[in-house]
Amino acid sequence: METEKIIQAYFEAVSEEVLAQAAKIKLVITDVDGVLTDGGIIYDDLKTEYKKYNVKDGLIVQHLRKARIMVGAITGRSSPVVENRCEELRFDFHYHGIKDKGKKLQELLETLEIQLDEVAYIGDDLIDIPVMRAVGLAVVPADALEYVKPMATFISRFPGGKGVFRETADLILFAQGKLSGIIQSYFD
(Lines give C-alpha, C1' and ligand atoms only; values in the text may rest on other atoms or scores of the structure.)
Protein backbone atom coordinates (compact mmCIF):
# COMPACT_ATOMS: atom_id res chain seq x y z
CA MET A 1 0.00 0.00 0.00
CA GLU A 2 1.38 3.42 -0.99
CA THR A 3 0.09 5.03 2.22
CA GLU A 4 2.04 2.56 4.35
CA LYS A 5 5.26 3.39 2.48
CA ILE A 6 4.71 7.10 3.03
CA ILE A 7 4.10 6.58 6.75
CA GLN A 8 7.17 4.36 7.10
CA ALA A 9 9.31 6.98 5.35
CA TYR A 10 7.87 9.74 7.55
CA PHE A 11 9.07 7.98 10.70
CA GLU A 12 12.19 6.22 9.38
CA ALA A 13 14.52 8.60 11.27
CA VAL A 14 12.82 7.89 14.61
CA SER A 15 14.88 5.57 16.80
CA GLU A 16 13.61 2.18 17.92
CA GLU A 17 13.86 3.41 21.53
CA VAL A 18 11.52 6.33 20.85
CA LEU A 19 9.09 4.10 18.96
CA ALA A 20 9.08 1.58 21.82
CA GLN A 21 8.34 4.34 24.31
CA ALA A 22 5.64 5.85 22.10
CA ALA A 23 3.96 2.43 21.88
CA LYS A 24 3.33 2.57 25.66
CA ILE A 25 1.60 5.95 25.76
CA LYS A 26 -1.89 6.17 27.27
CA LEU A 27 -1.92 9.91 28.00
CA VAL A 28 -0.69 12.93 26.02
CA ILE A 29 -0.30 16.18 27.92
CA THR A 30 0.66 19.38 26.18
CA ASP A 31 1.74 22.84 27.14
CA VAL A 32 -0.07 25.52 25.14
CA ASP A 33 2.01 28.64 24.46
CA GLY A 34 4.94 27.65 22.28
CA VAL A 35 3.50 24.21 21.52
CA LEU A 36 -0.11 24.52 20.35
CA THR A 37 0.68 28.14 19.43
CA ASP A 38 3.83 29.80 18.17
CA GLY A 39 4.20 31.47 21.56
CA GLY A 40 2.88 34.81 20.37
CA ILE A 41 0.10 36.62 22.20
CA ILE A 42 -1.85 39.44 20.59
CA TYR A 43 -3.89 41.92 22.64
CA ASP A 44 -6.23 44.48 21.14
CA ASP A 45 -7.05 47.89 22.67
CA LEU A 46 -9.76 46.29 24.80
CA LYS A 47 -7.21 43.80 26.19
CA THR A 48 -8.83 40.93 24.32
CA GLU A 49 -6.32 38.14 23.85
CA TYR A 50 -5.83 36.34 20.54
CA LYS A 51 -3.92 33.18 19.73
CA LYS A 52 -3.42 31.27 16.52
CA TYR A 53 -3.77 27.47 16.55
CA ASN A 54 -2.95 24.90 13.89
CA VAL A 55 -6.07 23.02 12.79
CA LYS A 56 -3.97 19.93 12.01
CA ASP A 57 -3.13 19.68 15.70
CA GLY A 58 -6.82 19.79 16.55
CA LEU A 59 -8.01 17.16 14.10
CA ILE A 60 -5.86 14.38 15.55
CA VAL A 61 -7.24 14.77 19.10
CA GLN A 62 -10.41 12.88 18.19
CA HIS A 63 -8.32 10.00 16.83
CA LEU A 64 -6.19 9.82 19.96
CA ARG A 65 -9.33 9.65 22.07
CA LYS A 66 -10.87 6.95 19.82
CA ALA A 67 -7.63 5.01 20.33
CA ARG A 68 -8.24 5.26 24.10
CA ILE A 69 -5.39 7.72 24.60
CA MET A 70 -6.32 10.54 26.93
CA VAL A 71 -5.42 14.12 25.98
CA GLY A 72 -4.91 17.07 28.29
CA ALA A 73 -3.18 20.39 28.79
CA ILE A 74 -1.26 21.90 31.67
CA THR A 75 -0.41 25.52 31.04
CA GLY A 76 1.28 28.18 33.10
CA ARG A 77 -1.04 30.96 31.95
CA SER A 78 -4.73 31.45 32.54
CA SER A 79 -6.57 32.46 29.41
CA PRO A 80 -10.20 32.16 28.33
CA VAL A 81 -9.00 31.73 24.73
CA VAL A 82 -7.01 28.63 25.75
CA GLU A 83 -9.85 27.26 27.87
CA ASN A 84 -12.19 27.63 24.90
CA ARG A 85 -9.77 25.80 22.58
CA CYS A 86 -9.31 22.93 25.02
CA GLU A 87 -13.07 22.60 25.41
CA GLU A 88 -13.61 22.79 21.65
CA LEU A 89 -11.13 19.94 21.11
CA ARG A 90 -12.74 17.97 23.95
CA PHE A 91 -9.55 17.50 25.92
CA ASP A 92 -10.08 15.08 28.80
CA PHE A 93 -8.74 17.75 31.16
CA HIS A 94 -7.01 21.12 31.07
CA TYR A 95 -5.39 23.03 33.91
CA HIS A 96 -4.54 26.72 33.66
CA GLY A 97 -2.30 29.03 35.68
CA ILE A 98 -0.19 26.11 36.91
CA LYS A 99 3.28 27.18 38.03
CA ASP A 100 4.37 23.76 39.37
CA LYS A 101 3.54 21.41 36.52
CA GLY A 102 5.39 18.50 38.10
CA LYS A 103 3.20 18.66 41.20
CA LYS A 104 0.05 18.92 39.06
CA LEU A 105 1.13 15.85 37.06
CA GLN A 106 1.60 13.84 40.28
CA GLU A 107 -1.85 14.92 41.54
CA LEU A 108 -3.39 13.98 38.21
CA LEU A 109 -1.80 10.54 38.04
CA GLU A 110 -3.06 9.73 41.53
CA THR A 111 -6.59 9.80 40.07
CA LEU A 112 -5.78 7.86 36.88
CA GLU A 113 -4.56 4.32 36.41
CA ILE A 114 -1.61 5.50 34.34
CA GLN A 115 2.09 5.25 35.11
CA LEU A 116 4.67 7.97 34.36
CA ASP A 117 6.23 5.92 31.56
CA GLU A 118 2.81 5.82 29.86
CA VAL A 119 2.68 9.62 29.64
CA ALA A 120 3.86 11.81 26.77
CA TYR A 121 4.43 15.49 27.46
CA ILE A 122 5.07 18.27 24.95
CA GLY A 123 6.72 21.40 26.29
CA ASP A 124 9.18 24.09 25.28
CA ASP A 125 10.34 26.13 28.26
CA LEU A 126 11.84 25.99 31.76
CA ILE A 127 8.49 25.46 33.47
CA ASP A 128 8.10 22.21 31.50
CA ILE A 129 11.39 20.60 32.56
CA PRO A 130 10.13 18.87 35.75
CA VAL A 131 7.38 17.11 33.79
CA MET A 132 9.67 16.28 30.87
CA ARG A 133 12.17 14.65 33.21
CA ALA A 134 9.45 12.49 34.79
CA VAL A 135 7.46 11.13 31.84
CA GLY A 136 8.14 8.31 29.41
CA LEU A 137 8.05 10.39 26.23
CA ALA A 138 9.17 14.03 26.44
CA VAL A 139 8.75 16.04 23.25
CA VAL A 140 9.85 19.55 22.32
CA PRO A 141 9.13 21.67 19.25
CA ALA A 142 12.01 22.35 16.87
CA ASP A 143 12.19 25.92 18.19
CA ALA A 144 12.23 25.04 21.89
CA LEU A 145 14.91 26.74 23.95
CA GLU A 146 18.30 25.14 23.37
CA TYR A 147 18.75 24.38 27.07
CA VAL A 148 15.35 22.63 27.18
CA LYS A 149 15.98 20.39 24.16
CA PRO A 150 18.36 18.04 26.04
CA MET A 151 15.43 17.05 28.28
CA ALA A 152 13.54 15.66 25.28
CA THR A 153 13.18 12.08 24.19
CA PHE A 154 12.05 13.36 20.80
CA ILE A 155 12.60 16.70 19.07
CA SER A 156 9.84 17.50 16.60
CA ARG A 157 10.80 18.71 13.16
CA PHE A 158 8.10 21.39 13.54
CA PRO A 159 8.17 24.60 15.55
CA GLY A 160 5.49 25.50 18.08
CA GLY A 161 2.11 26.23 16.54
CA LYS A 162 3.11 24.54 13.28
CA GLY A 163 2.20 20.90 13.90
CA VAL A 164 4.37 19.63 16.77
CA PHE A 165 1.30 18.24 18.56
CA ARG A 166 0.17 16.52 15.36
CA GLU A 167 3.57 14.98 14.73
CA THR A 168 3.68 13.68 18.31
CA ALA A 169 0.19 12.20 18.05
CA ASP A 170 1.00 10.64 14.67
CA LEU A 171 4.19 9.16 16.14
CA ILE A 172 2.28 7.61 19.03
CA LEU A 173 -0.47 6.24 16.80
CA PHE A 174 2.13 4.89 14.36
CA ALA A 175 4.10 3.19 17.15
CA GLN A 176 0.87 1.60 18.37
CA GLY A 177 -0.01 0.34 14.88
CA LYS A 178 -3.09 2.57 14.56
CA LEU A 179 -2.10 5.38 12.19
CA SER A 180 -2.49 3.43 8.94
CA GLY A 181 -6.03 2.41 9.87
CA ILE A 182 -6.95 6.00 10.69
CA ILE A 183 -5.64 7.23 7.35
CA GLN A 184 -7.27 4.34 5.47
CA SER A 185 -10.64 5.17 7.04
CA TYR A 186 -10.66 8.42 5.05
CA PHE A 187 -10.28 6.46 1.81
CA ASP A 188 -13.08 4.02 2.63
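The structure presented is a predicted model; accordingly, all values stated were derived computationally and were not measured.

Right, let's get into the environment of L109. The residue L109 is located in helix α5 (residues 101-111) in this model. Each C-alpha atom of the pair L109 and V119 lies 9.6 Å from the other, and the pair is 10 residues apart in sequence. Apart from the residues within four sequence positions on either side, L109 is in contact with L27, I114, L116 and V119.

Attention now moves to the packing of aromatic side chains. Counted according to the given criterion, the structure contains three aromatic pairs. Centroid distance F93 to Y95: 5.6 Å. Interplanar angle 35°. Geometry classified as tilted. With a relative accessible area of 8%, F93 lands in the buried category. Over the ring of Y95 we find K104; its NZ or CZ atom is 4.3 Å from the centre of that ring. The positively charged end of R157 is found above the aromatic ring belonging to Y10, 4.2 Å away from the centroid.

This next bit is on unusual backbone geometry. A negative phi angle characterises most non-glycine residues, just as the trans form characterises most peptide bonds. With a phi close to 65°, R68 is a non-glycine residue in the positive phi region. Note that R68 resides in the loop between α3 (55-66) and β4 (70-74). Judged by relative accessible area, which is 75%, R68 ranks as exposed. One non-glycine residue, R90, lies in positive phi territory at about 60°.

The rules behind each value
Residues numbered from 1 in each chain as written. Predicted model: local features only at pLDDT ≥ 70, side-chain atom pairs only at ≥ 80, totals over all residues. Heavy atoms only, no water. Helix = DSSP H or I, 4+ residues; strand = E, 2+ residues; numbered from the N terminus. Contact = heavy atoms within 4.5 Å. Phe/Tyr/Trp six-rings, centres within 6.5 Å; stacked < 30°, edge-to-face > 60°. Buried < 20%, exposed > 50% of the residue type's maximum accessible area, 1.4 Å probe, protein only. Lys NZ or Arg CZ within 6 Å of the ring centre and 35° of its normal.

Worth remembering: the numbers are spatial, not functional.
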